[in-house]
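So you can see what is in the structure, the chains are spelled out below.
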Amino acid sequence: MKKKWYDYLWIATLLYMSLGFFNIMFAWLGLICFFVPLIMSFTGFGKGYCNRYCGRGQLFGILGGGLGLSRKKDIPKWMKSKGFRYGFLIFFFVMFFQMLWNTYLVFAGASGLRQIVTLLWTFKLPWNWAYHGTFFTEGVAQFAFGFYGVMLTSTVLGLVTMILFKPRSWCVYCPMGTMTQLIAKGKMKSHKGCKRRKLGVS
Amino acid sequence: MKKKRLAVVASNECVACGCCAKVCPLKAIAILRGTVAKVDAEKCVGCSTCAKECPASSIRMCEVGV
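Draft legend 1. Representation of the overall build of chain A within the structure. Helix and strand counts for chain A stand at eight helices and two strands. Reported as C-alpha extents along the three principal axes, the dimensions of chain A are approximately 60 × 45 × 35 Å. Buried residues in chain A amount to 44% of all 202 residues. Put simply, 78% of the contacts in chain A that link residues at least 6 apart link residues at least 24 apart.

Okay, structure coming up:
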């Protein structure tokens, strides 16, 4: 089957993760992976982003499938349960908003810039070599450090589950995937409701 | 009665990631409005490629009478 341009987006993911080691400000580009799936699901494209354009998923597919780094075992039942998926989504967002709060504190001048990347919400890794100053306020750099931590954490989690289970196991509990599926389901329900109202069915 | 092997999606487990649709050699799977994978029973030949690929293991191979 002929490959399309979007089949190579795994290179962008690899490039993004690498650039963060040289200049942390590139972390801002990761917002594309946050906004594009949301815009697509709100505009009726469902999980089009996951299905076609997710470079991270493609990367796991290549590493786990093509390169054979995955055990290709079934994911545990609890991991694909709604409770875990929604729980992880909530946890991820709580941690995300905590990161935003820390960024706000730097913007407001209440705390200084911390040149660290937090991995798995626990391990604070010194990352000062990737910071070369900013034209803007230090808050902009703080967001970059925080956001890169979020991206690195999800990549590490994805890699671990890729090795232990199937290559794209991350897709099962990916917070963006869970959220876009919820939006798509909500839109489908409202669409059905509209149709019923038009037909006069109670 | 002749039996046919078919891929069946457990809709409550499907995360609609689209891995199955990508690998299906006959393009027999589509993601329904981003909510769940749907198998076209007419096109499906029961090769089980999708079941092997599904990260949520939500596709099972079943035998149905035709």
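Structure shown, so let's carry the discussion forward.
Draft legend 2. Quick peek at the nonpolar core. Ranked by size, the top nonpolar core spans 64 residues in total, and within it I24, W127, F147 and Y148 of chain A together with I59 of chain B carry the most contacts. Counting residues per element, this core draws most heavily on helix 6 (residues 138-164) of chain A, at ten residues. If sequence neighbours within four positions are ignored, I59 of chain B has contacts with A7, V8, V9, C20, C50, A51 and C54 of chain B.

Draft legend 3. Structural view of the pattern of salt bridges. In this structure the tally under the stated criterion is three salt bridges over all chains. Ionic pairing is found between K80 of chain A and E13 of chain B, a salt bridge with its closest N-O pair at 3.5 Å. Of the two residues, K80 of chain A is situated in the loop between helix 4 (55-66) and helix 5 (82-107) and E13 of chain B in the loop between strand 1 (3-9) and helix 1 (19-23); the pairing between them involves two chains. Comparing K80 of chain A with E13 of chain B shows no difference in burial state: the two are buried.

Rules and cut-offs
Residues numbered from 1 in each chain as written. Chains lettered and ligands numbered in written order. Predicted model: local features only at pLDDT ≥ 70, side-chain atom pairs only at ≥ 80, totals over all residues. Heavy atoms only, no water. Helix = DSSP H or I, 4+ residues; strand = E, 2+ residues; numbered from the N terminus. Buried < 20%, exposed > 50% of the residue type's maximum accessible area, 1.4 Å probe, protein only. Contact = heavy atoms within 4.5 Å. Core = buried A, V, L, I, M, F, W, Y, C linked by side-chain atoms within 4.5 Å. Salt bridge = Lys/Arg side-chain N within 4 Å of Asp/Glu carboxyl O.

So yeah, pure geometry; function would need other evidence.
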